[in-house]
Amino acid sequence: EEPPRKRQQHLSDVGEGRTVFIRNLSFDTEEEELEETLSQFGGISYVRLVLHPHTGTPKGCAFAQFKTIEGAQKCIEAAQEGPEVRRDCGGHQGPPRGHQGSWGSSGAAPDGGWRVLGQAIRPGSRAAEGVSDSDMAKRVRFEELKRRRLQDPNIGVSRTRLCLHNLPKALDTARLRALLRGVLRAPGGAAPRITECRVMRELRGQGQSLGFAFVEFGEHEEALGALRRLNNNPELFGAHKRPIVEFALEDRRKLRLREQRIQRGLAKARAKVKAGPPEPPLDPAQGHPAPPAGSGGPQGPPRAPPGTPPGTPWAGF
C-alpha cells in the first residue's frame, strides 16, 4: 500500500484545484513551450508531458499545475477554442509533485536519447496566417507521416539534424550552405557550425533536386535556433513557398550499422599505421632481400647494351 505521506501529497495536488489535464496536443509539443504558453494565465509549478512507456514518445496530452487556483481557472476558461483542458479529477493519473517524467528534468532519454522536438503549425492558428493552402497541406501530410513512423520504437528524433522541405528546385547544396550561414549568423558573431548540408537529388545525387535537404549542426542549441529561425519564414523563398523545417527522424538500426562501419574503418587504419611500411621480399636462396630487377640476381643476367657484337662477354660493367 502507498505510504500515507505520499498518498496525502497526491490528494493535495487535486484538492487544491491547481492541476489541469490538457489533451489534443501536437506530438511535437515540448514542456518548455507548453509552460511558456500557459504562463500567460499565471505562475506554473510544473508541466509534464504524458509519454508512451515503451517508445518514450508523447501521447498528445499533459498535466500542468498552476501556483494559484485562479491561474488554473483562467486556463480552463480560455481553452474553449484551443486544446481540450479539464481540471484533473484523479490525482493518481498525474505525476507526483517533483516528478520529472520518464526522461528526467534535462529532457534526455535514458539511452542518451531522442526527444520529439519541433514547431508544428496547425491550420487556423496564428502561425498559419498567410500560409498557402498547398504549403499547409504539405505540413499536415508530413505530420501524419511522422506520427506513423514514430510508432516504431526504433525510430527517434535527432537532436542536431534538421530536415528542410519545400525548397526551390534550383537551390543546390553550396547555395543552401551559404544561405544558412548568412541567415543564421548572429549579429557581430560567428555562424553556427554546420557539419552536414546536403540537398537530396534524383539518380543518386546527380539528377534534379527533390526539394528537401538534411542539415546537421554541431550542437542541439544551434539546431533548435535554426529551426525557429527558418521554419515558416516568408523572407527566404517568398510568402507562397515557406520552408518546412523539422528535426529529422533517424533509425537506431541504421545508425548502429553506420557506427560499426566507422569503427571497422578506424581499426583498419590503426592496424596499417602500427604495421609500418611493407618490407622487401626475401631472396629464397640466401634469405636476404632480393636484388632489384636487372642487377644480375635471380631475375637473370644483365643484358648487353645495344650495339654490342654477338658473343662478346658482358659482365654488366
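Identification of the protein as RBM28 protein from Cinclus mexicanus is taken from an unreviewed UniProt entry.

Caption draft 1: A look at the sheet that holds strand S6 (residues 194-201). The 4 strands lie next to each other as S6-S7-S5-S8, forming an open sheet whose pairing is antiparallel. Edge strands, defined here as strands with exactly one partner in the open sheet, are S6 and strand S8 (244-251). In this sheet, neighbouring strand axes are inclined to one another by 35 degrees on average, regardless of whether the strands run parallel or antiparallel. By the bridge criterion, 6 bridges tie S6 to strand S7 (residues 209-217) in an arrangement that is antiparallel. Note on S7: the bridge partner recorded for Glu196 is Glu216. Set on the sheet, helix H4 (residues 133-149) makes contact with strand S5 (155-165) and S8; between it and S8 the angle comes to about 20 degrees.

Caption draft 2: Expanded view of unusual backbone geometry. Located in the positive-phi region is Asn166, a residue other than glycine, with phi close to 65 degrees. Looking at the element boundaries, Asn166 is found in the loop between S5 and helix H5 (173-184). Of the residues examined, Asn166 reaches a relative accessible area of 6% and is grouped as buried. One non-glycine residue, Asn232, lies in positive phi territory at about 65 degrees.

Caption draft 3: Just the packing of aromatic side chains, in detail. Under the criterion given, the structure shown has 2 aromatic pairs. Both rings, one in Phe212 and one in Phe214, keep their centres 5.9 Å apart while their planes meet at 85 degrees; by these two values the pair is edge-to-face. Positioned above the aromatic ring of Phe214 is the side chain of Arg161, whose terminal nitrogen or guanidinium carbon lies 4.2 Å from the ring centre.

Caption draft 4: Representation of the pattern of salt bridges in the model. Across all of its chains, the model carries 9 salt bridges by this definition. Arg148 is paired through a salt bridge with Glu144; the nearest N and O atoms lie 3.1 Å apart. Taken together, the residues span about one helical turn, with Arg148 and Glu144 both in helix H4 at a distance of 4 residues. Residue Glu144 is classed as partly exposed on the basis of its relative accessible area, which comes to 29%. Several salt bridges converge on common partners, so that one network encompasses Glu143, Lys146 and Glu246.

Caption draft 5: Just H4, in detail. Taking 1.5 Å as the rise per residue, H4 with 17 residues should run 24 Å; its terminal C-alpha atoms sit 24 Å apart, in good agreement. Those residues of H4 lying buried are Asp135, Met136, Arg139, Phe142, Glu143 and Lys146. End-on view of H4: buried residues confined to an arc of 120 degrees, all on one side of the axis. Turned more than 90 degrees off the buried face of H4, the exposed positions are Asp133 and Arg148. Residues of H4 that are buried in the fold lie against S5 and S8.

Caption draft 6: Representation of the nonpolar core. Counting residues in each nonpolar core, the largest one holds 25 residues, and the members touching the most others are Leu162, Leu164, Leu176, Leu180, Val215, Phe217 and Leu230. Of all the secondary structure elements, the ones that give two or more residues to this core are S5, H5, S6, S7, helix H7 (220-230) and S8. The greatest single-element share of this core, amounting to 5 residues, is contributed by H7. Dropping the residues within four chain positions of it, Leu180 is found in contact with Leu164, Arg185, Ile194, Val215 and Leu230. Counting residues in hydrophobic clusters, the runner-up holds 15 residues, among them Leu25, Leu34, Val47 and Ala62.

Criteria and thresholds
Residues numbered from 1 in each chain as written. Predicted model: local features only at pLDDT ≥ 70, side-chain atom pairs only at ≥ 80, totals over all residues. Heavy atoms only, no water. Pairing = 2+ DSSP bridges. Helix = DSSP H or I, 4+ residues; strand = E, 2+ residues; numbered from the N terminus. Axes fitted to C-alpha atoms, helices over the stretch in contact; angles between N-to-C directions. Contact = heavy atoms within 4.5 Å. Buried < 20%, exposed > 50% of the residue type's maximum accessible area, 1.4 Å probe, protein only. Phe/Tyr/Trp six-rings, centres within 6.5 Å; stacked < 30°, edge-to-face > 60°. Lys NZ or Arg CZ within 6 Å of the ring centre and 35° of its normal. Salt bridge = Lys/Arg side-chain N within 4 Å of Asp/Glu carboxyl O. Expected span 1.5 Å × (residues − 1). Arc of directions from axis to C-beta. Core = buried A, V, L, I, M, F, W, Y, C linked by side-chain atoms within 4.5 Å.

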